[in-house]
Amino acid sequence: MSPRNGNAGGIALGKRLLATTAVALTLGLAGPALADGSLVTALDMGPGGDEDSRPWSSGAGHTTHVKQFITPTIFNADLSEIVPYAVESWESNDDHTVWTYTLRDGLLWSDGTPMTANDWAFTAEFMTAPDWAGDRPGDRNLSLSEVAGFDAKTAGDADSLEGIEVIDDQTIQFTLSAPNPRHFASLFRFYILPEHAVDFEPADYMTTDWFRDPSRFVGSGPFVVADYAPDEYLTLGANENYFQGRPALDELVIRYFGGDQTAALLALEADDIDFTYVTETDVPSLEDAYDIFSNLSGVVVMTRFNYNLVDDAFSDIRVRQAILHAIDRDAITENILGGTYVSIPCPIPYADLWPQDVTTYGYDPERATSLLQEAGVDPGSISMEWVGHAGYDNTAHNSALQAVQAYLSQVGINDFSYRFVDIPTFRAGYSPGGDWQDQYHGFGVPRFGNDVGRLWTNAGAMGQGLTGYDYDADGFAEAAAAISAAPTIDAYNAALGDFCRLHAETLPDLQMWVGNRFGAADSSISNFWWQPAPAGGPYQDNAHTWAVQ
Amino acid sequence: MTRYIIRRLLLAIPVLFMLTVLVFALIELAPGDVVDFFANPEVMAGMSEADLEALRERLGLNDPAPVRYLHWLGGVLQGDFGYSLIRSEPVGELLLRRFGNSMMIMGIGLFVAVTFGISLGIYTALRQYSVADFTISFLSFVGISMPAFIAGILALYIFSVQLGWFPAGGMRSPGVHTLGDLLHHLVLPALVLSIIHMATFMRYTRFSMLDVLKQEYVVTATAKGMPRRIVVIRHAFRNGLIPVVTMIGYSIPELVVGAVFLETIFSFPGMGKLYFDSVISRDFPVIMAANLVIAVFVLAANLITDVAYAAIDPRIRLE
Amino acid sequence: MAMTEVTIDSPARVAWRRFRQHRIAMVALAVLCVIVILCAFAPFFSAYDPLGLNMAAIRQPPSAEHWLGTDTLGRDVWTRTLYGGRVSLVIGLAAAFLSTIIGIVLGVISGYFGKWADMVVMRITDVVMAFPPIIIMLTVAAFTGPGLVNVIFIIGGLRWPPTARLVRGQILQLRDQDFVTAARTLGLTNAIIITRHMLPHVVAPLVANITFAVSLAILTEAGLSFLGLGVPLPTPTWGNMMEAARDLRIMREEPWMWIPPAIFTLITVLCINFVGDGLRDAFDPQQLIGEK
């Protein structure tokens, strides 16, 4: 045997290949860098992001929308209040059914055309056209569904929206079909579109290139569309006519990562991008090198027991109390969720709003066992399968749920399992009539938003069980109505406190914990501001002042 | 031969038809639809059941399944693949772009995997049980003993974050449209892809070469005093290649849509990620069209393999 | 070597004798046995409960107490690696076995009988090959929920096409060779011709195939969990333990959580491969014992 020469061909080929690779490398390294004054971010990462979405038809992504368009009102920087943005002032009549808004002086579109109240009215009519094709009408409903004549207009029974009247170039009047003491808070996702530049029909809303085409796009925010590569990035250029002044940045690039946080984090650490959303477990290793942005996200991560729909075992409140007592939620939030989560007594995520006398169910396995005995329920007969929302399928929540399982088995509840599923599967089993007993997912509760009060009612645009809050216990409708009707922040917060107390007493579902969300930014960016807002805000981030050194 | 090929092409029609029916049925059976995806309970605040119903009506999701299938089929026969339900983009354009992206990375990856795999396979076959054989075998098995996602993270962590040799994912630097920049982005994911698949080609080549080297005609050729190198290249290599060709054919669908985790970690907009995203959002026009494209590739690869069998080994008759 | 003995012994004994001479294969077999014993009798080799969490010992590096450290819930990684091996080995071997059996049967039918059988089997193969598995997994998950058996059937049931095509290809090559024609002339039944005279030639490519099928099944199981179809946590598997490295912090700062299952998978796959090498040589019809 003389096999020595047999491999000559293969090795020669290999060498040629290596040479090709080397050439490719050299070429690549010589590629031009980005212009100065350019900031590359992953703004559309995390639960508040929605790549390739357009305003008025997205479940998230407002961090990007608000760079391109201004809204009448907006959340302030720390999400505690809704403040004027495109408007200068507002007033309402005594019963809060007629609201008059005055636009700021001298607002211009990015092409230099003045912005008037007619643009505002045009946008309202456009979005309520019966054939408007937006596939996620949530923001449309939030902004316009309480305006008189909304139903007639969207159904095609009326030519125009009865409740909207342009008084003059800077003044517009809204007539509502029901009183709303905080109507201005309904307008924070009302992205005004330019009447003179919109060259597509409502029916083409989803298919038009207008929102991504630099030659057609006209906006009013600090930035305008400059370049777009689908699935790769969106480059925004400075809007010279932005009313707060031309942005310090020449370019704001939004890189897309297909929703994968590990990929975005690696890009951050490789210095390819300057900012991204990060998960709680990454924070400790990033703290030293990066500016960390976080706040209580206002997202309650909770499970809900459909006890009134599916399983009789949970109809006894003592069983539900026993389950809360059996799980050491403080140990889980502290040790497993890295101290970035805290356990909560009710679906109000803000500790300062919890009433002093709210019932909390601390870790007490003996109490859990005795409660189960009192209820006459054999823990071995309880069967639970928690179905998790895919958005939480990460190390931290997998660990937390395995801990829940271990705690439950300590009181004899051995038949517990969990799994994470994709969104359609989750939704299909989730809605009323769906066949799943328990869900594990989160929900955004803004500190002061118009929609909060309506989350928990069975009627109206927000209710009908779609959010999961189809509480039918006594008193919930009244408590939710009180939140909606609160005329001031203080009254609103007090109503939230009452709701919290009622929830903790009746336990229509079991609230687990609420977590911080985080963003990490390169410290070379100055004036940068980011908040992990539910669905991305929008909030005042003063992007026109952001700068890179 | 020509008749055989024509017959196979004609047979492809019922196969493709059956496939689309099956895929459509599976999408139907999967829980939820695209409207459920839009109504993501995490972020949907503000949509009512009536909105969802109106959306279903507008997207035609309320029609009976057979009607929707025939509607889709009618469109495809006229060259219209419809619009993506979640991306609001014509499916044809979307697939063309994503498929092109995938082909770049798969092309490089497959080429490297096949050339190195076959070369090393022959090398190890000729030096069976040598130290080199064990070392190469061991290294190649590291590649297939690790999830692609982890291999990708490790590669990115070492070569992008620590060494800074390559960009950390993506396909191009924003605003840069040069070939050099593109290749710079492609090298790392393509190499990881090829390492994952190289072991397959290597081992098949090795086994099949070992087998062929013992066949009578090879032994005879060697006995007749033909130089070893010539024997290997002219006889053994050609015949030993058959199983390898089969595996290349089989690798194509895996490379096209199986690279989802690799594309994810490299934030590379390819077919795998598109297919995966479409499935988890029930974007059926994209799923159907992507399946059709994949199927055409698989059928073509299988046909080529079968013809290659006959070409390499004249004893096989095509019938 | 004494050729006379060989002709007297049964083929299995001959194969075993040949195999025993294959040093690497014997070592690999021994290592494989060790791994199987470690996993099968895990309770004897570890003092910890694979599911028992310990809040006081979370994310601890390897120590005398915990040889391979602890995971995010304070569970002993060595213990979980052993218990994980039980599930992963079962999945890997069963799925590989299933796909190989289906592949051989269909490949033989297709290659040996040809004509209509070939046409039908190969078109079915085309359809299965063109099916990206994720869509089937999703649908099955919705109806049956997650579980070990489902994982085996899904992986095994979708992995057979390359085996079938490989077997078919080999059979096609052999079908018209002299010794097969001779066997047919002698009036031997199809079953005997196939099992005695043709299948031994197919072993070589199959060994490679089985090796890959095992590692692929172990890794695929982890991927399935994303769709809610993997073996549900907290049951450890090598796959889902390795998947922990998706978390960047674990990947670089706490490698003891994912490297042990990765090494076990690698060693298992390597050993199976070397054992396969040995088997290939042992069953090789042309291999002469005295040659080496």
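Trainee: Can you explain the overall build of chain A? Please cite residues and give values.
Mentor: Within chain A one finds 15 helices and 19 strands. When the 549 residues of chain A are sorted by exposure, 54% land in the buried category. The contacts of chain A with a sequence gap of at least 6 include a subset with a gap of at least 24, amounting to 71%.

Trainee: Break down the overall build of chain B for me, citing the residues and quoting the values.
Mentor: Scanning chain B from terminus to terminus reveals 13 helices and zero strands. Start at the N end of chain B and walk to the C end: the helices and strands fall as α-α-α-α-α-α-α-α-α-α-α-α-α. The dimensions of chain B, computed from C-alpha atoms along their principal axes, are 85 × 55 × 35 Å.

Trainee: Can you tell me about the interface of chain B and chain C, naming the residues and giving the values?
Mentor: On the side of chain C, 47 residues touch chain B, which itself brings 51 residues to the contact. At the level of elements, helix 1 (2–29), helix 6 (131–144), helix 7 (148–162), helix 8 (179–213), helix 10 (228–257), helix 12 (271–281) and helix 13 (284–312) of chain B are the ones that each hand at least two residues to the side of chain B that touches chain C. The residue inventory of the side of chain B that touches chain C, partitioned by class, reads 39 nonpolar, six polar and six charged.

Trainee: Pulling in residues and values, what's your account of the sheet that holds strand 4 (residues 87–92) of chain A?
Mentor: Residues and elements named next belong to chain A. Pairing in this open sheet of four strands is antiparallel, and the strands run 4-5-7-6 from one edge to the other. Across the chains shown, the open sheet's two edge strands, defined by having one partner strand only, are strand 4 and strand 6 (164–168). Averaged over neighbouring strand pairs, the angle between their axes works out to 20° when direction is ignored. Set on the sheet, helix 3 (residues 117–127) makes contact with strand 5 (98–103), strand 6 and strand 7 (171–175); between it and strand 6 the angle comes to about 170°.

Trainee: Describe in detail the packing of helix 1 of chain B against helix 6 (residues 115–129) of chain C, supporting the description with residues and values.
Mentor: Their axes nearest at 10 Å, the elements helix 1 of chain B and helix 6 of chain C cross at an angle of 45°. Relative to helix 6 of chain C, the element helix 1 of chain B is oriented oblique. Crossing handedness for the pair helix 1 of chain B and helix 6 of chain C: right-handed. Taken together, the residues of helix 6 of chain C that come into contact with helix 1 of chain B (itself represented by B:L11, B:V15, B:M18 and B:L19) are C:R123, C:D126 and C:V127.

Trainee: How would you sum up helix 9 (residues 329–336) of chain A? Please name residues and give values.
Mentor: Residue and element names in this part refer to chain A. The set of residues buried in helix 9 consists of R329, I332, T333, N335 and I336. Against strand 13 (341–343), helix 11 (395–410) and strand 17 (510–522) lie the buried residues of helix 9. G338 sits one or two residues past helix 9 and shows a positive phi near 65°.

Trainee: Describe the pairing of strand 9 (residues 233–238) of chain A, and please don't skip the residues or the numbers.
Mentor: If a strand is regular, its side chains alternate between the two faces of the sheet. All names here are of chain A. Most of strand 9 sits inside the fold, with five of its six residues counted as buried. Taken together, the six bridges between strand 8 (residues 223–229) and strand 9 define a ladder with antiparallel strand orientation. For A229, the partnering residue across the bridge sits in strand 9 and is Y233. Counting the residues that bridge the hairpin from strand 8 to strand 9 gives three residues, and of these D231 lies at a positive phi of roughly 70°. Note that strand 9 and strand 10 (residues 251–255) share five bridges and pair antiparallel. Residue pairing in the sheet places Y233 in a bridge with R255 of strand 10.

Trainee: Let's hear about the environment of A:T63: which residues, and what values?
Mentor: All names here are of chain A. Inspection of the secondary structure puts T63 in helix 2 (residues 62–68). Residue T63 is classed as buried on the basis of its 28 C-beta neighbours within 10 Å. Note: C-alpha distance between T63 and A326 (263 residues apart in sequence) is 40 Å. When near neighbours in sequence (up to four residues on either side) are disregarded, T63 contacts L43, G48, G49, G536, G537 and P538.

Trainee: Can you break down the pairing of strand 15 (residues 415–421) of chain A residue by residue, with the values?
Mentor: Residue and element names in this part refer to chain A. Bridge count for strand 14 (residues 383–389) against strand 15 is seven bridges, and the pairing is parallel. Pairing of E385 across the sheet is with S417, part of strand 15. Taken together, strand 14, helix 11 and strand 15 form a β-α-β motif whose crossover is right-handed.

Trainee: Could you give me a rundown of the packing of helix 3 (residues 23–40) of chain C against helix 14 (residues 259–283) of chain C, with the residues and numbers involved?
Mentor: Residue and element names in this part refer to chain C. One way to put it is that helix 3 packs onto helix 14 with a least axis distance of 8 Å and a crossing angle of 140°. Taken together, the axes of helix 3 and helix 14 are oblique relative to one another. In this structure, helix 3 crosses over helix 14, and the sense of that crossing is left-handed. Of the residues in helix 14, those touching helix 3 at I24, A25, A28, L29, V31, L32 and I35 are F264, I267, T268, C271, I272, F274, V275, D277 and G278. Grouping the constituent residues of the contact of helix 3 with helix 14 by class yields 13 nonpolar, two polar and one charged.

Trainee: Any chance you could break down the environment of C:S99 for me, citing the residues and the numbers?
Mentor: If you trace the backbone, C:S99 turns up in helix 5 (residues 77–113). When the C-alpha positions of C:S99 and C:P162 are compared, they lie 9.4 Å apart, and in sequence the two are 63 residues distant.

Trainee: So what's going on with unusual backbone geometry? Residues and values would help.
Mentor: You will see that A:W56, though not glycine, has its phi angle at about 75°, which is positive. Of the residues examined, A:W56 has 23 C-beta atoms within 10 Å and is grouped as buried.

Trainee: Account for the confidence of the model for chain A, with residues named and values stated.
Mentor: Residues and elements named next belong to chain A. Chain-level statistics for chain A give a pLDDT mean of 81 and a share of 83% at 70 or above. This model gives residues 1–33 a pLDDT under 50, and the stretch forms 50 contacts once residues within four places in sequence are excluded. Here residues 457–469 is modelled with pLDDT under 50, and outside its nearest four sequence neighbours on either side it reaches 39 contacts, counting other chains as well.

Trainee: Now, about the confidence of the model for chain B: what can you tell me, with residues and values included?
Mentor: Residue and element names in this part refer to chain B. Residues with a pLDDT of 70 or more make up 92% of chain B, whose mean pLDDT is 82. When mean pLDDT is compared element by element in chain B, helix 4 (residues 65–77) scores highest at 90, while helix 9 (residues 216–223) scores lowest at 70. The complex model carries a pTM of 0.85, and its ipTM stands at 0.85.

Trainee: Would you mind going over the environment of B:F38 in detail, with residue names and values included?
Mentor: By the element assignment, B:F38 lies in helix 2 (residues 34–38). Not counting the four nearest positions on each side in its chain, B:F38 is found in contact with A:D135, A:R136 and B:L55.

Calculation criteria
Residues numbered from 1 in each chain as written. Chains lettered and ligands numbered in written order. Predicted model: local features only at pLDDT ≥ 70, side-chain atom pairs only at ≥ 80, totals over all residues. Helix = DSSP H or I, 4+ residues; strand = E, 2+ residues; numbered from the N terminus. Buried ≥ 20, exposed ≤ 12 C-beta atoms within 10 Å, placed from the backbone. Contact = placed C-beta atoms within 7 Å. Nonpolar A, V, L, I, M, F, W, Y, C, P; charged D, E, K, R; others polar. Pairing = 2+ DSSP bridges. Axes fitted to C-alpha atoms, helices over the stretch in contact; angles between N-to-C directions. Parallel < 35°, antiparallel > 145°, perpendicular 65-115°, else oblique. Left-handed = near helix turned anticlockwise from the far one by under 90°. Right-handed = clockwise from strand over helix to strand, strands pointing away. pLDDT = per-residue confidence, 0-100.

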